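Each chain is listed here by its residues.
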Amino acid sequence: MFKVGRLAAVLSLTLSFFAAALPADRAPRTAGEYELKAAFLYNFANFVTWPSDAFARPDAPFVIGVVGADPFGPTLEQVLNGQRWNGRPIVIERFSRPQDIRAVHLLYISESEKRRWPEVQAATGPASVLTVSDMRDFCALGGMIEFIPEHNRLGFNMNIAAASRARLTVSSKLLKLATAVSRAEP
Amino acid sequence: MRAFRNFSIQRKLTWLMMVIGCATLSLAVVSFSVYEVLMFQRAQVRALSTQAQIIAANSTAALVFGDTGSAAETLSALAAEPSIVSAAIYSTDGKLFASYRRKDAGASAGSVTLSYPVMFAGKRIATISLQASRAALAVRLVSYTAILAVIAAASILIALALSSALQKLISAPILRLAHVMSEVSAEHNYSIPAIAHGEDEIGLLIGHFHKLLAQIRERDEALRQAHDELEQRVLDRTSELQLEIAQHEQTQAHLLFAKKEADEANRAKSEFLANMSHELRTPLNAIIGYSEMLHEVATDRHDIEYIPDLERICMAGRHQLTLINDVLDLAKIEAGRMRVSLENFAVEPVVQEVASSVQSLALKNHNLLNMKIDGPLGNVHLDATKVKQCLWNLLGNACKFTENGVVTLAVARRKEQSREWIVFEVVDTGIGMSAGQMQKLFRAFSQVDSSSTRKHGGSGLGLMISRRFSRMMGGDIQVYSEPGKGSSFTLTLPVNAGAEESAQGFENNQPVFQESMAALSDHVSKSPLPQAI
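Residues numbered from 1 in each chain as written. Chains lettered and ligands numbered in written order. Predicted model: local features only at pLDDT ≥ 70, side-chain atom pairs only at ≥ 80, totals over all residues. Heavy atoms only, no water.

## Side note on the pairing of strand β7 (residues 145-149) of chain A
Look at any regular strand and the pattern is simple: side chains alternate between the two faces of the sheet.
Residues and elements named next belong to chain A.
Here is step 1: The element β7 is extensively covered by neighbouring structure, given that four of its five residues are classed as buried.
Here is step 2: The pairing of β7 with strand β8 (residues 154-159) spans five bridges and is classified as antiparallel. Bridge pairing in β8 places I148 opposite G155.
Here is step 3: Counted between consecutive antiparallel strands, the loop separating β7 from β8 contains four residues. (Buried < 20%, exposed > 50% of the residue type's maximum accessible area, 1.4 Å probe, protein only. Helix = DSSP H or I, 4+ residues; strand = E, 2+ residues; numbered from the N terminus. Pairing = 2+ DSSP bridges.)

Structure representation (structure tokens):
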């Protein structure tokens, strides 16, 4: 119950957070910023469809990975604890370097790894991995979802071409919410 | 309903069908309308929930990513649906996330609100509330009502036309039957040709009607036969009666003839008697007159030896004269020619006169004649001659049938039955009579026995004539007697004859003078010594 309540609280926080109408430059600096981003990670996963070969077994877990300096801290576990993705348990993995990256479904790339982005791309290879980052121009660099602070809310850009290349299907609902969608190849 | 009862059957049937048609139509319209309203509401709810479902699906992402603009945009798509007045999305803690309100929405006739949950990852994350106007329903109902009114009017017209046409199926045979019936009763023609019809109830009715007509014809025939028979019987009986009447008339004619003959004979007899009375008396008067004359001559010459014979001749003549007078009187009474001539006279002198004339008769049989006059007798209005004759007859009889006895004449006025009467009672101590003898007493030519005629003389007509006379004056004579003891004759006469009542009431009464009957008994029981008057 606590876990359910936690997500609900986060979702509710999502709403109240923006309802508070905080200044645009101040919003990402608040304490709840990464709590919200953790919830967004989960929400993104719910509007994206992975190919069936992405999971080795029917009961294989949904793996969320964080590479580089972890900005979430314990928040990610707190928000996602006990949650399931389409009936699958959610596992969180942390990698300090791109070389350490193993099989994941969703990968958050810390700003610390900006210079090593091509290495990360090489590590994931052709696997179906949804890549998310706070890095500026992440989408232009071939990333899939880029968090962008907006005046009273947390927005995001999307690179649909990169997602298609990784054989990921993104829901139009999500695309509709994206601030900018890039369809061209980089 | 009273008015409906007097409708013709055609109108009734038309009305009936119309009423049924309208009732079913109304029922159909009402049920259809109700169904329509219900269906409309259900459809609206279904449409609303579909809309809500779509909105929910389309706003899930906006909700989870907190994109109110996107949610509002999704809601604004509802503008395509004119019935939706407003829409809103509320978070689970009740805060408004996004809303929509139709611009041209005015206050209209009610609305329906539907709430729908927004689910994400198996959890309820928000609630969508949709409010739809019911104005469309009202508009729809108005147009429905208009259509239904037109349909109802058309249906009623068609029903009217159909029922007017169809009611003839039922009413026409009934009217035809009624027409035939009225013709039958008006023209008394019971042999009309049969009316053809099917085998329904009206056919049954017509069948019974024909049966009824057949029965009436049979009855008519029977009546006619009975009538003919009756006429024949009347004729027969009439001729019988005529025959009988003829016979009766014949008999009557015979009887009339016989009566005429009898009347003729009676008249001839009466005429003969009337004529004879003079012829009979004339020679007797000569005989009596000459025998008296000869008796005087013989007495003067002292021719003793002829005197008894002459006396006998004189006596016989007088007796003969009395007989003839009696017979003539009776004949006069029988012929209805006897008349009473009423006059006022004093009673007592008449009584004395009769008593003195009877004295010699009393003495002849050594009887004592006793007179009793009770109070002043006064005057009466009667026939003096006939009163005298009655008294003379009664006293004469008493003296004749009594020897060595007493003959009493008692006279008194009595008031009885609101009239005044004069009563004469003659009592003797003579031989008396039995009840059977008394019954024969007043018949013509009857004495107690034939032997007494020879012994006592007399015609035997005296008592009868006396009774007739007394009755002619409105009185009567009664008798009371015991054999060997004596007799009592009572002559009762009204003081004023001519008044209507008669003395018949006195008949069979006890003797008027009880004291005289006591005296009679005294005379019988005591010695018959003569007493002075």
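## Some remarks on a nonpolar patch on the surface
Here is step 1: Together, I158, L162, L166, L169 and I170 of chain B make up a nonpolar patch on the protein surface, roughly 490 Å² of accessible area in all.
Here is step 2: Relative to the helices and strands, I158 of chain B is located in helix α4 (residues 135-187). (Patch = residues over 30% accessible without salt bridge, like charges linked within 9 Å, V, L, I, M, F, W, Y side chains within 5 Å. Areas by Shrake-Rupley, 256 points an atom, 1.4 Å probe, with all protein chains shown as cover. Salt bridge = Lys/Arg side-chain N within 4 Å of Asp/Glu carboxyl O.)

## Some points on the packing of helix α7 (residues 347-364) of chain B against helix α8 (residues 384-400) of chain B
Residue and element names in this part refer to chain B.
Here is step 1: Between α7 and α8, the shortest axis-to-axis distance is 10 Å and the interhelical angle comes to 30°. Between α7 and α8, the interaxial angle falls into the category roughly parallel. Seen from above, α7 lies across α8 with right-handed handedness. In this structure, α7 contributes V350, V351, E353, V354, S357, V358, L361 and A362 to the contact, and α8 contributes K388, L391, W392, L395, G396 and C399. (Axes fitted to C-alpha atoms, helices over the stretch in contact; angles between N-to-C directions. Parallel < 35°, antiparallel > 145°, perpendicular 65-115°, else oblique. Left-handed = near helix turned anticlockwise from the far one by under 90°. Contact = heavy atoms within 4.5 Å.)

## Observations concerning the sheet that holds strand β9 (residues 419-428) of chain B
Within a beta sheet, neighbouring strands are joined by backbone hydrogen bonds and run either parallel or antiparallel to one another.
Residue and element names in this part refer to chain B.
Here is step 1: One open sheet accounts for five strands, arranged β6-β8-β9-β11-β10; its pairing is mixed. In this open sheet, the two strands that pair with only one neighbour each are β6 (368-374) and β10 (476-482). Neighbouring strand axes in the sheet, compared pairwise and without regard to direction, differ in orientation by 15° on average.
Here is step 2: Both strand β8 (residues 406-416) and β9 contribute to a ladder of 10 bridges, which runs antiparallel. Pairing of A412 across the sheet is with V423, part of β9.
Here is step 3: Docked against the sheet, α7 engages β6, β8 and β9, running at close to 170° with respect to β6.

## With respect to the nonpolar core
Here is step 1: By size, the foremost hydrophobic cluster in this structure holds 69 residues, and its most contacted members are F44, L130 and F156 of chain A together with F65 of chain B.
Here is step 2: If you look at the next biggest cluster of nonpolar residues, it comprises 46 residues, including C390, V407, L441 and I465 of chain B. (Core = buried A, V, L, I, M, F, W, Y, C linked by side-chain atoms within 4.5 Å.)

## Regarding the confidence of the model for chain A
All names here are of chain A.
Here is step 1: Taken residue by residue, chain A gives an average pLDDT of 82. The fraction at 70 or more is 82%.
Here is step 2: Note that residues 1-5 has pLDDT below 50 and, in this model, five contacts with residues that lie over four places away or in other chains.
Here is step 3: Low pLDDT, under 50, characterises residues 15-29; the stretch is placed with 24 contacts to residues that sit more than four places away or in other chains. (pLDDT = per-residue confidence, 0-100.)

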